[in-house]
Amino acid sequence: MQDYFHTIATTLTGLLRGKEVFTCAFSGEETDFVRFNHGQVRQAGHVMQRCITLDLIDGCRHTSAELTLSGDLEVDRPRLLTLVEDLRELRTHVPEDPYLRYATEIRSSERLFPNRLPAGTEMAARVWEAGQGKDLVGIHASGAMHVGFANSLGQRNWLTRHSFNLDWSLYLRTDKAVKARYAGFEWDTAALAGRMAAASEQLEALDRPARTLRPGRYRVYLTPMAVDEIMELLGWNGFGLRAQRTGVSSLLRMIEDDVRLHPALTITENTADGVAPDFQEAGFLRPAQVTLIENGSYRDCLVAPRSAAEYEVPDNGAEEGEAPLSLDVAPGNLAAGQILSSLDTGLYVGNLWYLNWSDRNAARLTGMTRFATFWVENGCLRAPVNVMRFDDTLYRLLGERLLGLTTERELLLDPGSYGGRSSRSARLPGMLVDEVNFTL
Amino acid sequence: MFAAIEQHFRHLAPAVDFCSMRVVRAHHEALTVRRDVVQPVRRSEDLGAMVTVHDGGGLGYAATPDLSSAGLRRAVDQARDWARATAGHALVQLDYLDREPRLGEYRRPVRQPWSSVSLEDKLDLLRRECARLSIDQAIVEWQAGLWHSEIETLYLTTEGGRVSQHFESLLPVLSATAHRQGETQTRSFGRGAHFRQGGLEILTATGFYEAAPTIARQVLELLAAPNCPTGTLDLLLAPDQMILQIHESIGHPLELDRILGDERNFAGTSFVTPAMFGTYRYGSDLLTITFDPGRSEQIASYGFDDEGRPATREYLIKEGILLRPIGGSVSEARSGLPGVANARACNWNRPPIDRMANLNLEPGASSFAALVKAVERGVYMETNCSWSIDDSRNKFQFGCEWARLIEDGELTTVVKNPNYRGISAEFWRGLTGVGDAQTFQVLGVANCGKGEPNQVIRVGHATPPCLFRDVAVFGGE
């Protein structure tokens with residue numbers, strides 16, 4: 001797809017007039033999706049898509065459009081011509097944009113990771129073999145993902161990765177299930193078998209009479225997957241400059257009142273160690289790291305080019321939504337072997353679900369436990385727990401009541417695929433928290 | 001363009017048990033004025049197709065933007081390869097699916113086309129409305145916007161089926177955020193709920209031209225308001241909160257693919273089981289829910305679903321009794337339960353699954369004044385801003401933008417950060433008042449997420465305000 005995108009960029013360059021400039025972002029994928037239920041295939045297929053976002057600029061006026069490309073230049077060339085003419089005509093009707101900002105320093109890059117994956121049908125076959133006799137439900141996605149950027153100044157950026165992401169659950173009955181994930185860039189059937197066996201083992205622990213807890217405060221261990229749910233919510237307007245300046249940031253009290261989280265907490269947008277591209281759709285490059293929370297204090301925020309222009313600060317390569325793509329929470333001192341003994345008595349929460357703000361000003365959030373959640377007594381798993389709703393503030397959960405972070409972290413590759421496959425990732429420890437408020 | 005694509009498909013005639021193709025062409029335009037600055041005009045042009053093959057007991061699909069003869073041939077081959085690979089492993093028995101070829105068209109007339117007003121005039125309108133939101137220095141963020149869509153689809157089958165549909169829709173947006181001394185509040189024009197099919201006539205029908213001053217006044221009221229009280233109170237929900245209540249705690253639990261377990265790894269399962277249909281009391285006698293694809297201005301009205309099934313109005317819950325799930329032909333065949341025409345895909349690159357379409361709570365007999373008068377101590381809440389519910393769609397907690405206390409049958413103090421929580425299986429039985437036809441509003445949800453791979457789709461909900469007894473209500477910190 002890279003060659004085709006460069007041909008598109010050359011074609012666009014030839015369509016410019018006068019002092020016109022363009023920026024063009026590209027996203028594409030060739031993905032096999034296999035959806036499972038009850039260990040069988042519910043739906044399976046292949047999706048190929050490629051799309052550009054073209055911004056046609058003249059001075060401070062510009063208009064932009066997304067266009068799906070067919071991949072056949074004989075078809076796409078006239079579409080590009082029509083698109084450019086439409087955008088040019090449209091531009092005469094719009095005012096100057098005071099916040100237009102695009103990369104003018106040429107910083108090209110190319111990262112082409114080789115394809116080490118077997119065919120999608122082969123991986124799917126290994127999954128249904130591993131799921132034999134089990135109530136397996138979930139999705140396997142595999143194939144190439146491409147991201148590109150070009151502008152008429154000559155900058156070219158490209159990233160191709162070939163990855164797979166198996167996101168599945170094993171069910172015992174009703175809502176008693178274990179959630180697991182196997183994702184990466186090199187397929188290993190033995191590794192899949194290991195994860196399937198671990199999930200099956202945990203499933204056995206669910207086969208005990210479930211306990212229903214009364215509302216109240218409980219000590220809790222959150223696995224990295226549960227922590228990811230909290231971090232994803234926090235990423236929604238928590239770390240962006242625009243949210244900060246318009247008062248809608250969920251971390252408002254840290255910004256305005258210098259409220260602090262636990263000193264063990266350091267959160268970084270770690271592009272260098274993530275899987276997202278290190279360039280964004282206006283052509284700016286992302287720094288290797290942006291420290292968002294340092295030892296519990298608010299530090300920097302994510303700044304998109306438009307926000308940078310509006311608030312007159314430097315950008316740091318964030319996309320328009322100013323949400324983290326490669327979040328990294330620093331590890332702590334809690335060894336894996338000490339998790340249950342440190343929890344002592346309380347809840348081991350495998351996953352959280354459907355988080356939202358119940359009072360954004362106070363960073364108070366609510367959500368549900370889901371999948372493998374256990375009651376632990378004296379450091380031993382005693383019983384699965386029926387789903388519970390929590391409602392508490394981040395300042396308590398990640399502040400005064402945070403007891404520890406694990407030394408081991410997990411790199412979680414987002415299995416999300418709204419519109420296209422996600423390149424978001426997170427490297428997270430587990431967390432031990434005291435007196436979490438459960439309400440229903 | 002569709003004629004050439006159709007010809008390519010007819011010529012392909014693959015030697016398989018069944019093959020269909022769904023072509024989708026979409027044109028979107030988004031106009032926004034934020035903080036009195038016109039934002040970049042954004043357009044999008046999207047065209048692609050999904051081919052589905054059933055063969056030898058297996059099933060496969062392939063989605064492609066290459067609609068040439070060669071491109072569609074490749075897609076058919078890929079779909080057939082997946083069908084062969086999954087033969088013997090397929091969950092769905094394909095031979096009992098209804099493959100009767102359907103023929104039909106659907107197109108809703110538009111009274112005031114998007115193109116009938118120039119871009120300058122549309123931007124001027126948004127500038128005016130945006131400026132009307134900024135009435136005080138405490139208002140730090142404000143915007144007005146219009147999102148227009150035009151979508152054409154063509155569904156073809158090798159058996160001769162042919163369904164073409166055309167949809168035009170508009171989403172008007174207004175919002176204002178006020179901030180003072182550590183407190184931020186946002187008020188909006190239904191938070192995206194005024195999403196309808198049609199053209200610019202929607203702006204008059206939804207009250208867009210009158211909304212900005214009220215939004216600005218109310219967001220300032222919220223800055224000075226006390227927190228919503230905590231307690232077990234009566235709760236009167238406005239239509240723009242009712243849509244979330246219906247969506248999350250009736251719509252999703254009734255989706256048949258959830259009941260059959262397809263969504264257990266992602267969107268979740270359901271507390272509803274197949275045995276409940278026909279006998280289970282979902283709510284009080286006042287609760288009647290329809291699947292209604294025929295209200296033409298509503299966002300998810302259509303003539304056929306994305307597997308070509310003709311859409312008809314059906315009762316899902318009547319006078320409180322659960323009657324029918326929302327499941328398309330595949331789920332219907334799997335479960336043996338009667339379904340509805342709701343196999344829908346968000347675009348050409350995703351396969352159809354069971355989705356809500358228009359799910360409406362039918363009006364009752366009470367005026368708004370009568371609903372308020374029936375409350376001795378309670379809260380009236382408008383406009384959803386927070387939503388959370390468990391994976392079986394039972395334990396929920398929702399928050400709203402704006403609320404007023406109801407004391408001795410009168411609306412009184414404005415309160416901020418209103419939230420409430422409950423359990424679906426109990427909540428609807430506490431329904432004690434339903435607004436009449438005068439209070440009934442046609443609204444929608446633009447971003448219902450579900451499915452693996454993930455899909456966001458438009459869903460319509462029309463409802464009057466409703467009154468619930470003894471609900472756990474609370475405010476902020």
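Quick caveat: nothing in here was measured; it's all calculated off a predicted structure.

What counts and what doesn't
- Residues numbered from 1 in each chain as written.
- Chains lettered and ligands numbered in written order.
- Predicted model: local features only at pLDDT ≥ 70, side-chain atom pairs only at ≥ 80, totals over all residues.
- Heavy atoms only, no water.
- Helix = DSSP H or I, 4+ residues; strand = E, 2+ residues; numbered from the N terminus.
- Rg over C-alpha atoms; globule rule 2.2 N^0.38 Å.
- Buried < 20%, exposed > 50% of the residue type's maximum accessible area, 1.4 Å probe, protein only.
- Areas by Shrake-Rupley, 256 points an atom, 1.4 Å probe, with all protein chains shown as cover.
- Lys, Arg positive; Asp, Glu negative; His and termini not counted.
- Charge placed at Lys NZ, Arg CZ, Asp CG, Glu CD.
- Contact = heavy atoms within 4.5 Å.
- Buried area = accessible area lost by both parts, 1.4 Å probe.
- Salt bridge = Lys/Arg side-chain N within 4 Å of Asp/Glu carboxyl O.
- Polar contact = N/O pair within 3.5 Å; in protein donor to acceptor, adjacent residues only side chain to side chain.
- Nonpolar A, V, L, I, M, F, W, Y, C, P; charged D, E, K, R; others polar.
- Pairing = 2+ DSSP bridges.
- Expected span 1.5 Å × (residues − 1).
- Domains from an automatic or database assignment.

J.: So what's going on with the overall build of chain A? Which residues, and what values?
T.: A tally of regular secondary structure across chain A gives ten helices and 18 strands. Here the C-alpha atoms of chain A give a radius of gyration of 24 Å, agreeing with the 22 Å that 2.2 N^0.38 yields for 440 residues. When its C-alpha atoms are laid out on the principal axes, chain A stretches across 75 × 55 × 30 Å. When each of the 440 residues of chain A is scored for burial, the buried share is 62%. If you sum the accessible surface of chain A, you get close to 16,100 Å²; carbon and sulfur atoms cover 46% of it. Taking the average location of the 46 positive side-chain charges in chain A and that of its 58 negative ones, the two points are 4 Å from each other.

J.: Outline the interface of chain B and chain A, listing residues and values.
T.: Facing the 89 residues of chain B at the interface are 87 residues of chain A. Overall, the association of chain B and chain A removes approximately 7,500 Å² of surface from exposure, summing both partners, and the carbon and sulfur fraction of that is 49%. The tally of links between chain B and chain A comes to ten salt bridges. Counting every contact that joins chain B to chain A gives 62 residue pairs in polar contact (both at pLDDT 80 or more). A per-class count over the side of chain B that touches chain A returns 34 nonpolar, 29 polar and 26 charged. Across four bridges, the pairing between strand S3 (residues 61–68) of chain A and strand S3 (residues 42–55) of chain B is parallel.

J.: Can you lay out the pattern of salt bridges for me, pointing to particular residues and giving the numbers?
T.: Opposite charge on two side chains lets them pair, provided their charged atoms get close. On inspection of all chains with the given rule, the structure shows 62 salt bridges over all chains. Notably, a salt bridge pairs Asp328 of chain A with Arg409 of chain A, separated by 2.7 Å at the nearest N-O pair. One end of the pair, Asp328 of chain A, is in strand S12 (residues 326–329); the other, Arg409 of chain A, is in strand S17 (residues 402–413), and 81 residues separate them in sequence. Judged by its relative accessible area of 9%, Asp328 of chain A falls in the buried class. The residue Asp66 of chain B makes a salt bridge to Arg74 of chain B at a minimum N-O spacing of 2.7 Å. A relative accessible area of 46% means that Arg74 of chain B is categorised as partly exposed. It is possible to trace a salt-bridge network through shared partners that takes in Arg217, Arg364, Asp391, Asp392, Arg396 and Arg401 of chain A together with Arg421 and Glu477 of chain B.

J.: Could you give an account of helix H6 (residues 239–251) of chain B, with specific residues and numbers?
T.: Relative to the 18 Å expected for 13 residues at 1.5 Å per residue, H6 of chain B spans just 16 Å between its end C-alpha atoms, considerably shorter than the ideal helical length. A large share of H6 of chain B lies buried, amounting to 13 of its 13 residues.

J.: How would you summarise the domain arrangement of chain A if you had to cite specific residues and measurements?
T.: Reports often express the size of an interface as the amount of accessible area lost when the parts come together. All names here are of chain A. We note that the domain assignment places domain 1 (2–206) and domain 2 (216–438) within chain A. Domain 1 and domain 2 are separated by 25 Å when their C-alpha centres are compared. Contact residues are listed per partner, giving 48 residues for domain 1 and 39 residues for domain 2. Of the roughly 3,300 Å² buried between domain 1 and domain 2 on both sides combined, carbon and sulfur atoms contribute 59%. Contact with domain 2 buries area across many residues of domain 1, yet Tyr99, Arg101 and Arg181 alone supply 22% of it, more than any other trio.

J.: Describe the pairing of strand S6 (residues 156–173) of chain A, listing the residues and the values that go with them.
T.: Residue and element names in this part refer to chain A. Most of S6 sits inside the fold, with 15 of its 18 residues counted as buried. By the bridge criterion, four bridges tie strand S4 (residues 109–112) to S6 in an arrangement that is parallel. Directly across from Ser109, in S6, lies its bridge partner Asn157. One ladder, built from 16 bridges, connects strand S5 (residues 135–151) with S6; its direction is antiparallel. Bridge assignment links Leu136 to a residue of S6, and that residue is Leu170. Count of turn residues in the S5/S6 antiparallel hairpin: four residues, of which Gly154 carries a positive phi of about 110 degrees. Note: S6 against strand S7 (residues 176–184), nine bridges, orientation antiparallel. Following the sheet pairing, Trp168 is matched in S7 by Ala180.

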